[in-house]
Amino acid sequence: MSKTLCILFKRLLTLVTIGLFVFAGVTNAQTIRGVVTDSQSGEALTGVSISSNGQPSRKAITGLNGHFSMEHITFPVTITCTYVGYIEKHISLTIPPEKEIEIKLSSSNVSLKEVAVLSSHGDETENKARSVERQAMNVMNVMSAKAIELSPDITVANVLQRMSGAVVERSANGEGRYAILRGMDKRFNYTLVNGIKIPSPDNKNRFVPLDIFPAELLDRLEVTKSLTANMEADGIGGAIDMVMKDAPSHRSISANLSTGYNFQYFKRDFQYFDHSIINPKSPTEKYGLAYPVKMKDFTNANLALKAQTALPGLNAGFSYGDRFFKQQLGIMLAGSVQNNYRGNTNDLYGGVGSDFTQTITHRYFSEQQSRMGFHAKFDYNLDKNNKLVWYNAYMNFSEAQVRDAESRTSQTTRMLWNQQQILNSTLKGLHKLANNRLQLDWSAVYAKALNETPDNTQINVTIVNGLYRIAQDVGALRRWEHNSDEDKAGYLNMKYFINTGKSQIELSTGGLYRDKIRNSYFNEYLFRPFDENKPEEAQRELIKGRDWNNYDEIKFEVKEFGNISDPLNYDASEKIAAGYLQSKYVYHHLQLLAGIRAENTRQGYLLKFPTEGARNAGEQNYTDMLPSAHLKYELNKHTNLRASYAKAINRPSFFEIVPYQIISEDYKERGNPDIQHTVAHNYDLRYEYYPRQAEQFMLGLFYKKIINPIEFSMVTGFGQDTYYMPMNFGNAYNLGAELDLLKYFNWFGIKANYTYTHSRITTTKKDEMPNPDEGASNKYITVNVDQSRPLYGQAAHVVNFSLLFKDVRHGWDGQLAYSYTGERLLIVSPYYNRDSWLAGFSQFDASIEKKLSRHMGTFIKASNLLNSPTIQYIKLNRQNESQQHVKRYKGGVVERYNYYGQNIMIGIRYKFS
């Protein structure tokens, strides 16, 4: 018995002992919470692997904000932090920490004593973008390469619409093309590549189409909203700088391949023609002005219209970067090729016929877009104080478009092929002298933009009693256009640093000289149907199904001489000389940057085919003195307060100062060689809060007083004629507020911005008023009246909201993006209260990426998921309020509905570093 009790007592003692150990272990199991940051920059690191030695099931990965949490940890414990590109770190803890711990990781990159490396780990991250915004002296917004990569967008224009204060003007296929910043039309901003202005392929204007640039070539996208004295002055709205990828500090290779489809082609065929056989030159270009053209000088083979099921798009990109010769030579090579099929289905609403039915023209666009971009950047460190950088870029964008339009009474088909190219080569030197107190940089730039649209053809058909006849007055129009814009420029900047102990002073000076040459060519031919083999009375009666089935089978006769006297045949030149003085003062938490810029403009034109008695040549020459001041005060280590002032200008476009005259159906249009350039005073105030390195809250206010703004208006005073022409109209103003928010939580983040803009300008328009003479035969008379309205393109409300998702453990990244652009003025009418407006537009996009291995991943990008229509309409006015049987929107009369279809892209991505 006693033996049995002894055995039971021992077993009970064993169980109690085990229980005590288990209890002790359980009571000692605690949670570790912390954040992992870069030891130098303080940036939160996402995706760091945290493990506990001896407890293999206890693991964690840092989230978007760099935070992690490990539960049920038994102490003492050693945790290990590992992250690609950083030195592994071990931390021993004997007792549970009372608060969140901070772990600082050091980069594994070798510290170079004599060589300055251009790029380091993490330059493409949101942390880097926030750092650039925070350190800048002027007001700017930055989007990183990583954010661009994860966005649903593939072109710079579409990426830009995600940034605060930016609205994109869309092309016929719904893709973003031009930028409107803070309600200021595209004419009021300029485009840079690596800080260098690039020429425009547009045949009339200066602005650059941003859809020509593949987004994946960028290291970051910077939008500057307040100019400094060392920046070119013609950016009242701001400046867009595409900062291309630099050579990394170690070998880096990336590649991607994707395919995609536009959903509208599930419902209809894709129409196309063979643009490869188009004659690049018109007969007049080939044989001279005196040559009377004949039908044998034209080929009809490219007019054969074909249809098929649309092919999937194909996109590919590649980049390679490395350093050689003991880190002295850096190379970055990158290329992108995109071939996609886009389109547009729209309805044009016209007048009401005698049958009380509104005329509706159904238009179907089929467009093949081919986009290529290549850039090569080399940097060579001569020594620790001298560096050379050579940058080269080539962009090519072409579109082959068929527009088929049909109403009850007519059909028109347009076949257009357009190619735009931009070439840029920049050699830059950076030098440090006098023990780094003096810094000097210079740039020599050659850039050229080309635009060509050969044999742009439109076929006109009338429909009577179900028969499709070639229009007898103008059966076809065939047009050749091309233009070029060539820049040669030089830049020089110097900085001198003074350290007094309590403060730092930076003195800078420099300037630029640019010589621009532009030429434009236009030639158009008119065709009438004519079949000499038919009886004389029927030679112009060419009916579909009887005389022809496809457009290449139609027989025409051509007017012997084309329209070579069109005003688009001109040469233009522009010479810009500028210099500046600037000083930066730093004292404790206060930074002040002030300067003045002098900029001289010589802008001229020469008509290629002069007209007797006309101003066939002209030049404008003016100099502007442009002061600026920027103040930044650091309230604490997380908060900045900014205030800025800058005077800026806007030059007339090249075509606006050409004394052209165009007679349209309702009014005459005219150029204005005497138009003056615009001057604006820009004020900014912004509060910035950065709770963590990659997060931000910013609230900004802006005001612009615009002197002599250039707008089109009805002007009387050329004899008895009235013209619609560019003019200066007193003063205008533009004001607004911007709100930016970026906040990361453990596995998701919020990125949002809102912009409110309000502007006013007053211009002269035509209006019909009751005739005071009751006995007159005309009940109404036409008078000139003033109308106040917003600036062209300005939307009162712009909203962007994105949800960001990241699951590092399973390798998932995702983004849901919503954008809204409020109604804005689309077409300024020469008639009172008849402007065309674009209704408010919402767009919903998404993207998701899955990491398959250390180097491989797959992604999906989807855009325009709601297939939201764009609606163009004229607001309710006294002319249309009584109209019946018309389609209306918000009481006004609809002019157009556009649908672009959803787009989806699926691809794979490879990265090696």
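If you're wondering where the values come from, they're calculated on a predicted model, not measured in any experiment.

Procedures and definitions
- Residues numbered from 1 in each chain as written.
- Predicted model: local features only at pLDDT ≥ 70, side-chain atom pairs only at ≥ 80, totals over all residues.
- Heavy atoms only, no water.
- Helix = DSSP H or I, 4+ residues; strand = E, 2+ residues; numbered from the N terminus.
- Rg over C-alpha atoms; globule rule 2.2 N^0.38 Å.
- Buried < 20%, exposed > 50% of the residue type's maximum accessible area, 1.4 Å probe, protein only.
- Areas by Shrake-Rupley, 256 points an atom, 1.4 Å probe, with all protein chains shown as cover.
- Lys, Arg positive; Asp, Glu negative; His and termini not counted.
- Charge placed at Lys NZ, Arg CZ, Asp CG, Glu CD.
- Pairing = 2+ DSSP bridges.
- Axes fitted to C-alpha atoms, helices over the stretch in contact; angles between N-to-C directions.
- Contact = heavy atoms within 4.5 Å.
- Polar contact = N/O pair within 3.5 Å; in protein donor to acceptor, adjacent residues only side chain to side chain.
- Phe/Tyr/Trp six-rings, centres within 6.5 Å; stacked < 30°, edge-to-face > 60°.
- Salt bridge = Lys/Arg side-chain N within 4 Å of Asp/Glu carboxyl O.
- Core = buried A, V, L, I, M, F, W, Y, C linked by side-chain atoms within 4.5 Å.
- pLDDT = per-residue confidence, 0-100.

1. Some words on the overall build of the chain
Within the chain, the regular secondary structure consists of five helices and 50 strands. Computed over the C-alpha atoms, the radius of gyration of the chain is 32 Å, within 12% of the 29 Å expected from 2.2 N^0.38 for a compact globule of 913 residues. Burial statistics for the chain: of 913 residues in total, 52% are counted as buried. Surface accessibility of the chain: about 40800 Å² in total, with carbon and sulfur atoms responsible for 56%. With 105 positive and 93 negative side-chain charges, the chain shows a spacing of 8 Å between the two charge centroids.

2. Things to note about the sheet that holds strand β3 (residues 59-61)
What the four strands build is an open sheet, ordered β3-β2-β5-β6; its pairing is antiparallel. Two strands in the sheet have a free side with no partner beyond their single neighbour: β3 and β6 (89-93). Between one strand axis and the next, the sheet turns by 20° as a mean value, whatever way the strands run. Where strand β2 (residues 49-52) meets strand β5 (residues 77-82), four bridges bridge the pair, whose relative direction is antiparallel. Paired with S52 across the two strands is I79, which belongs to β5.

3. Section: the sheet that holds strand β11 (residues 189-193)
One open sheet accounts for five strands, arranged β8-β13-β14-β11-β12; its pairing is mixed. Edge positions in the sheet fall to β8 (140-144) and β12 (196-197), since each of these pairs with one other strand and no more. As paired elements, β11 and strand β14 (residues 238-244) share five bridges and run parallel to each other. Counterpart to T191 in the pairing with β14 is I240. Along the sheet, helix α2 (residues 126-135) contacts β8 and β13 (218-224); its crossing angle with β8, the most-contacted strand, is approximately 165°.

4. Quick look at the side chain of Q603
One can find Q603 in strand β29 (residues 590-607). Here R206 takes part through its side chain, which lies 3.3 Å from a polar atom of the side chain of Q603. Polar contacts involving the side chain of Q603 include one to the main-chain carbonyl oxygen of P652, which spans 3.2 Å. With residues up to four places along the chain from it excluded, the contact list for Q603 reads R206, S573, E574, G618, E619, Q620, Y622, R651, P652, S653, F654 and I657.

5. Notes on the packing of aromatic side chains
This structure, assessed with the given rule, holds 25 aromatic pairs. Relative to Y525, the ring of F298 has its centre 5.3 Å away and its plane inclined at 75°; by these criteria the two rings are edge-to-face. With F298 in the loop between α5 (283-287) and β17 (306-308) and Y525 in strand β26 (residues 503-529), the pair connects residues that are 227 residues apart, well separated along the chain. Neither F298 nor Y525 differs from the other in exposure class; each is buried. For the ring pair Y897 and Y899, a centre distance of 6.4 Å and an interplane angle of 20° mean the geometry is stacked. Residue classification places Y897 among the buried residues on the basis of a relative accessible area of 14%. Since its relative accessible area comes to 34%, Y899 is described here as partly exposed.

6. Regarding unusual backbone geometry
With an omega of 0°, the peptide bond between F75 and P76 qualifies as cis. Tracing the backbone shows P76 in the loop between β4 (67-74) and β5. Unlike most non-glycine residues, F325 shows phi in positive territory, near 50°. Its place among the elements puts F325 in the loop between β18 (313-324) and β19 (329-352). One non-glycine residue, N864, adopts positive backbone phi at about 55°. Note on placement: N864 falls in the loop between β46 (856-863) and β47 (870-874).

7. A closer look at the pattern of salt bridges
Going through the model one piece at a time under the given rule, you end up with 54 salt bridges. Salt-bridge contacts for K516 lead to D485; the nearest nitrogen and oxygen are separated by 3.1 Å. With K516 in strand β26 and D485 in strand β25 (residues 476-499), this pair connects stretches of sequence that are 31 residues apart. Each of the two residues, K516 as well as D485, counts as buried. A single network of salt bridges, built from pairs that share partners, joins K197, E232, D234, D485, D487, R514, K516, R518, R597, E599 and R651.

8. Quick look at the pairing of strand β28 (residues 570-587)
Strand direction decides the pairing type here: β26 and β28, joined by 18 bridges, are antiparallel. Across the sheet, the residue bridging to T509 is L581, located in β28. Taken together, β28 and the strand that follows it, β29, pair antiparallel across an intervening segment of two residues, in which H588 is found at a positive phi of about 55°.

9. Re the nonpolar core
Core analysis: the largest hydrophobic core is formed by 32 residues, its most contacted members being L160, F213, L221, M242, M244, M395 and I422. Of all the elements in the fold, those that place two or more residues in this core are α3 (145-150), α4 (156-160), β10 (176-181), β13, β14 and β21 (386-406). Setting aside residues up to four positions removed in sequence, M395 forms contacts with I212, F213, P214, L217, M244, M372, G373, F374, Q420, Q421 and I422. Core analysis: the second largest hydrophobic core is formed by 24 residues, L303, I470, L542 and F556 among them.

10. Here's the deal with the environment of N138
Summarising the element assignment, N138 is placed in the loop between α2 and β8. For N138, a relative accessible area of 7% corresponds to the buried category. Side-chain polar atoms of N138 contact the backbone oxygen of S226, separated by 3.0 Å.

11. Things to note about the environment of M714
With respect to the helices and strands, the residue M714 is situated in strand β36 (residues 710-718). Judged by relative accessible area, M714 falls into the buried class, the value being 3%. With 52 residues separating them along the chain, M714 and K766 place their C-alpha atoms 6.8 Å apart.

12. Let's talk about the environment of G47
Along the polypeptide, G47 turns up in the loop between β1 (29-38) and β2. Residue classification places G47 among the partly exposed positions, given a relative accessible area of 21%. Taking C-alpha positions, G47 is 33 Å from Y391, a pair spaced 344 residues apart along the chain. When neighbours within four sequence positions are excluded, G47 is seen to be in contact with I61, T62, G63, Y83 and V808.

13. Brief notes about the side chain of H375
Residue position: H375 is located in strand β20 (residues 358-383). The class of H375 is buried, set by a relative accessible area of 3%. If we skip the residues at most four places from it in the chain, H375 touches L217, M244, K245, M332, L333, A334, Y391, N392 and A393.

14. A few points about the confidence of the model for the chain
Detail in the predicted coordinates should be disregarded across regions flagged by low pLDDT. The share of residues in the chain with pLDDT of 70 or more is 94%, and the mean pLDDT across the chain is 88. In the model, residues 15-28 has pLDDT below 50 throughout and makes four contacts with residues more than four positions away in sequence or in other chains. Low pLDDT (under 50) marks residues 110-123, which in the prediction has 33 contacts with non-local residues, meaning those over four places away or in another chain.

15. Things to note about the pairing of β8
Burial analysis of β8 places five of its five residues in the buried class, which makes it a mostly covered element. Pairing of β8 with β13, which is carried by five bridges, proceeds in the antiparallel orientation. Looking at the pairing, M140 lines up with T224 of β13.

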